[in-house]
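Chain by chain, the residues run as shown.
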Amino acid sequence: MSRAQVVRVLLIEDNPGDAVLLREMLKELDSPQIDITHADCMKNAEQHLAKEGFDAILLDMGLPDCSGLHSIRKTREAAPRTPLVVLTGLNDESVALQALQNGAQDYLIKGASESHGLRQALRYAIERKTLEEALFIEKETAQQFFVLSLDMLSVIGFDGYFKRINPAWEKKLGFTCEEILATPYIDLVHPDDRESTLAEAKKISEGVETLSFINRYLCKDGSYLWLSWTAAPFPSLQLMYAVARDETQRKLAEEVAARNRELERHNFEVEQASRLQREFLASVSHELRTPLNAITGFSELLAADADTSEKHRRFASHIQEGGKQLLLLINDIMDISKLGVGQIKLQHDEISMNSLVRDEVAGWGTQLIKVRMPEQTDICVSGDAARLRQVLHKLLDNAIKFSPGGKEVGVDLVLHDGFARVSVWDTGIGIREEDLKVIFIPFRQIGTAARGVREGTGLGLAITKGLVEGHGGTIKVESELGKGSRFTFSIPLHGFIQPMRRAEDMALANREMIGNTV
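Just so we're clear, the structure is a prediction, and the values are computed from it rather than from any experiment.

Undergrad: For this particular structure, what's the right way to read the sheet that holds strand β5 (residues 106-109)?
TA: Strand pairing in a sheet relies on backbone hydrogen bonds, with the paired strands running either antiparallel or parallel. Across the sheet, which stays open at both edges, the five strands sit in the order β2-β1-β3-β4-β5 with parallel pairing between neighbours. Among the strands making up the open sheet, the edge pair consists of β2 (33-39) and β5. Ignoring strand direction, the axes of neighbouring strands in this sheet form an average angle of 25°. Judged from the seven bridges that link them, strand β1 (residues 6-12) and β2 form a sheet pairing that is parallel.

In C-alpha cells, the structure reads:
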C-alpha cells in the first residue's frame, strides 16, 4: 500500500467500547490512512454495503441480529468481493478454520491483537483478496476460452475416456456432451483409424507430445469428420490435454484435387491416343487414295472401251461402284479425323439457303421429296456452301434410306430467331429412344436400312454435327419408333436476309409452298 492511499474500512461491531478501541488502534498506524465507517448490527452493515464500496471489512461474529458463521455468510452475500477479517472473543482454531472456509481472509481474537497485528491482518486480507480476484478473472477467462473456442478442446484420461470436452464437440459430432463422455473414445474413431489412434495414444501416455495426427470421428448422422490433433501429456494425473480441429473440408478438397489430377492425366492420355488414331486414319486414308484413283480410273477406261464385252463392262461397273463406295468411306474417315483436330477449313461466303435446298433436292432426280420454304424471303447465311450441301445430302440420304415403300420425305426451311433452320423429315421406321442419345457419336450405327441391313460406317451423322457446329450452329433429332424422324439444323444468319429478286425464283417458291414436288 502506498503512503498516499486511503483505505476505507467498514467496522461491524455492536460493542461501543470495542468499536472505540479498534478505532484508536487503527489511528496509531502511520500508513496507510484509514477511513472507518461503523455499523452496530448486520442490518446497518448491509445498508452501508449496498450504498458504498469498502476496501476491507472488520466483522464481529457476535452481533445481536446475526452471529457466528451465519454473520460471515451474510456479509459475504452483501459484499462477496470485499476482503473480510473476522473478530471474535473465542480463541478456538476450529472456529477460525470454519471462518476461513466460509469466506474470511483472516481471523483475529479480541484483546490479543495489537495495532501492528491489526494493520498486518488488514493488509494481508486486502492482498489475498486481490490475488483471489486475479485468479478468479484468470479462471473465468480460461473457462470462456474453453467454452467459446471453435476448436474441439478436451481433457482425455489414459483410461480411454474423455474427462472434459467443450461445446464445440457437441456442435461438430451431433452427440451430446454426456454421450461423448460416457463412450470410450476409440468407439468413436473410424474402424480403419483405430490401430493408428491407439498407437498414438500410447506414445502420449509415455510422455511424447503429438504435434500433428489425423483420424476420423463418427458423427451422430453416421458420417465421419476428419480431425487434426495436437496433444500434450500430463502423466502424473494420467491425463492428456488435446485440441482437435475439423479438417474435413480440406481433406475433401485434397481428394477432389487428386481426382481432378487423375482425370486430367487420363484425359490427356485419351486425347493423345485419339490424336494418334486420327493421324493414323488420315495417313492411311491419304495413302489409299492413290491406288483407289488408279482402280477407278482404269475401270472407267475399261467400261468406255469399244472392244470391251458386255460382260466385262458389267464387271467394270461393279469395280467403279465399289471404288466410289470406298472413296466415300475414305472421305468420311478423313473428315472425322480433320474435325477431331480442327483442321477442316470452312469458307465464309454468302449462301442462299433457298438455292442450296433446291439444288440438293433436284439432285435426287425423281425421288419424291416435299419442300416447304418462304415465299418472299431469300434466307442467306455466311458459310461453306459445299459443306452445308454435304450436311443436307447426308440427312436426305438417311431419310430416304430408312423410309421404305415410298413413305414421305421432306425438307422445311424457315427463318427462326436469327437462324436459318432446316428440317429434314421422314415417315419411316423411326429411331429408338435409347439410340437418340448416341446417334451423333462416331462409329455408332443405330438402325437398319429399308433393305433390312446395316449400311455405312457410323461416321455420317458425327461429321454432319461437326460441320454444323463449325458454322456456329446446332443440330438436334426428334423421332418416334415406327412413325419417322426429324433432323433439324440451324445456321446463324450473320445479317444476311435479302428479298427475293428473280421472278422465276418467286414462282418456283410459290409452286413448292403449295405442295409441288421436285
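Back to the text.
Undergrad: What should I look at first to understand a nonpolar patch on the surface in this one?
TA: A surface patch of nonpolar side chains, about 280 Å² in accessible area, is lined by F234, L237 and Y241. Summarising the element assignment, F234 is placed in strand β9 (residues 224-234).

Undergrad: Explain the pairing of β1 here, please?
TA: Both faces of the sheet carry side chains from a regular strand, because those side chains alternate between them. Burial analysis of β1 places five of its seven residues in the buried class, which makes it a mostly covered element. With four bridges connecting them, β1 and strand β3 (residues 56-60) associate as parallel partners. Residue I12 lies in a different strand from β3, and its bridge partner there is L59.

Undergrad: How should I be thinking about the sheet that holds strand β15 (residues 419-426) in this particular structure?
TA: An order of β12-β14-β15-β17-β16 is seen for the five strands of this open sheet, with the pairing classed as mixed. In the strand order of this sheet, the two ends are held by β12 (370-372) and β16 (474-480), each with one partner. Across the sheet, the axes of successive neighbouring strands diverge by a mean angle of 15°, strand direction being ignored. Relative to strand β17 (residues 484-492), β15 is paired through eight bridges, and the arrangement is antiparallel. Across the sheet, the residue bridging to V422 is F489, located in β17. The strands touched by helix α12 (residues 353-362) are β12, β14 (409-416), β15 and β17; relative to β14, the strand with the most contacts, the crossing angle is about 175°.

Undergrad: For this particular structure, what's the right way to read helix α15 (residues 460-470)?
TA: Since there are 3.6 residues in each turn of an α-helix, residues three or four apart along the chain are aligned in direction. Burial analysis of α15 places eight of its 11 residues in the buried class, the great majority of the element. All of the buried residues in α15 are G460, L461, A462, I463, T464, G466, L467 and V468. At the C-terminal side of α15, G472 shows a positive phi close to 80°.

Undergrad: What is the right way to read the nonpolar core from this model?
TA: Side chains that are nonpolar tend, in soluble globular proteins, to be buried together. Counting residues in each nonpolar core, the largest one holds 41 residues, and the members touching the most others are V411 and F489. At the level of elements, α12, β13 (377-383), α13 (385-401), β14, β15, α15, β16 and β17 are the ones that each hand at least two residues to this core. In terms of residue count, α13 provides more of this core than any other element does, seven residues in total. Grouped together as the second largest cluster of nonpolar side chains are 26 residues, F162, I165, W169 and W229 included.

Undergrad: Hey, could you run me through the packing of helix α2 (residues 42-51) against helix α3 (residues 69-78) in this one?
TA: A pair of packed helices is characterised by two quantities: the angle between their axes and the separation of those axes. The interhelical angle for the contact between α2 and α3, taken along N-to-C directions, is 20°, at an axis separation of 10 Å. Of the possible angle classes, the one that applies to α2 and α3 is roughly parallel. When you trace α2 past α3, the crossing you get is right-handed. Between α2 and α3, the contacting residues are M42, E46 and L49 on the first element and S71, K74, T75 and A78 on the second. Residues belonging to the contact of α2 with α3 are distributed by class as follows: three nonpolar, two polar and two charged.

Undergrad: I'm lost on the pattern of salt bridges in this one. Help?
TA: Pairs can form between side chains of opposite charge once their charged atoms are near each other. For the coordinates displayed, the defined rule picks out 23 salt bridges. D35 is the partner of R8 in a salt bridge, and the nearest nitrogen-oxygen pair spans 3.6 Å. Residue R8 is located in strand β1, and its partner D35 is located in strand β2; the two are separated by 27 residues in the primary sequence. Relative accessible area serves as the criterion here: at 23%, R8 is assigned to the partly exposed category. On the basis of relative accessible area, D35 is assigned to the partly exposed category, the value being 33%. Residue R265 is joined to E262 by a salt bridge in which the shortest nitrogen-to-oxygen separation is 2.4 Å. Taken as a pair, R265 and E262 lie in helix α10 (residues 248-304) at a separation of three residues, close to a single helical turn. Among the residues examined, R265 registers a relative accessible area of 39% and is labelled partly exposed. Residues participating in the shared-partner salt-bridge network are R8, D35 and E52.

Undergrad: Looking at this structure, I do not really get α12. What am I missing?
TA: Taking burial as the measure, the 10 residues of α12 include seven buried ones, the bulk of the element. Every buried residue belonging to α12 is among M353, N354, L356, V357, R358, E360 and V361, and all of these are buried.

Undergrad: Teacher, can you tell me more about the packing of aromatic side chains here?
TA: Two measures describe an aromatic ring pair: the distance that separates the ring centres and the angle between the ring planes. For the coordinates displayed, the defined rule picks out seven aromatic pairs. A ring pair is formed by F234 and Y241, whose centres lie 6.1 Å apart and whose planes are at 50°; its orientation type is tilted. Across from the ring centre of W226, 4.5 Å away, lies the NZ or CZ of K251, which sits over that ring.

Undergrad: I keep staring at the side chain of S352 and nothing clicks. Help me out?
TA: With respect to the element layout, S352 can be found in strand β11 (residues 349-352). Within the structure, S352 has its side chain in polar contact with the backbone nitrogen of S355 (distance 3.2 Å). Beyond its immediate chain neighbours, meaning those up to four positions away, S352 contacts D378, I379 and C380.

Cut-offs applied
- Residues numbered from 1 in each chain as written.
- Predicted model: local features only at pLDDT ≥ 70, side-chain atom pairs only at ≥ 80, totals over all residues.
- Heavy atoms only, no water.
- Pairing = 2+ DSSP bridges.
- Helix = DSSP H or I, 4+ residues; strand = E, 2+ residues; numbered from the N terminus.
- Axes fitted to C-alpha atoms, helices over the stretch in contact; angles between N-to-C directions.
- Patch = residues over 30% accessible without salt bridge, like charges linked within 9 Å, V, L, I, M, F, W, Y side chains within 5 Å.
- Areas by Shrake-Rupley, 256 points an atom, 1.4 Å probe, with all protein chains shown as cover.
- Salt bridge = Lys/Arg side-chain N within 4 Å of Asp/Glu carboxyl O.
- Buried < 20%, exposed > 50% of the residue type's maximum accessible area, 1.4 Å probe, protein only.
- Contact = heavy atoms within 4.5 Å.
- Core = buried A, V, L, I, M, F, W, Y, C linked by side-chain atoms within 4.5 Å.
- Parallel < 35°, antiparallel > 145°, perpendicular 65-115°, else oblique.
- Left-handed = near helix turned anticlockwise from the far one by under 90°.
- Nonpolar A, V, L, I, M, F, W, Y, C, P; charged D, E, K, R; others polar.
- Phe/Tyr/Trp six-rings, centres within 6.5 Å; stacked < 30°, edge-to-face > 60°.
- Lys NZ or Arg CZ within 6 Å of the ring centre and 35° of its normal.
- Polar contact = N/O pair within 3.5 Å; in protein donor to acceptor, adjacent residues only side chain to side chain.

Keep in mind that these numbers describe shape and distance, not what the molecule does.
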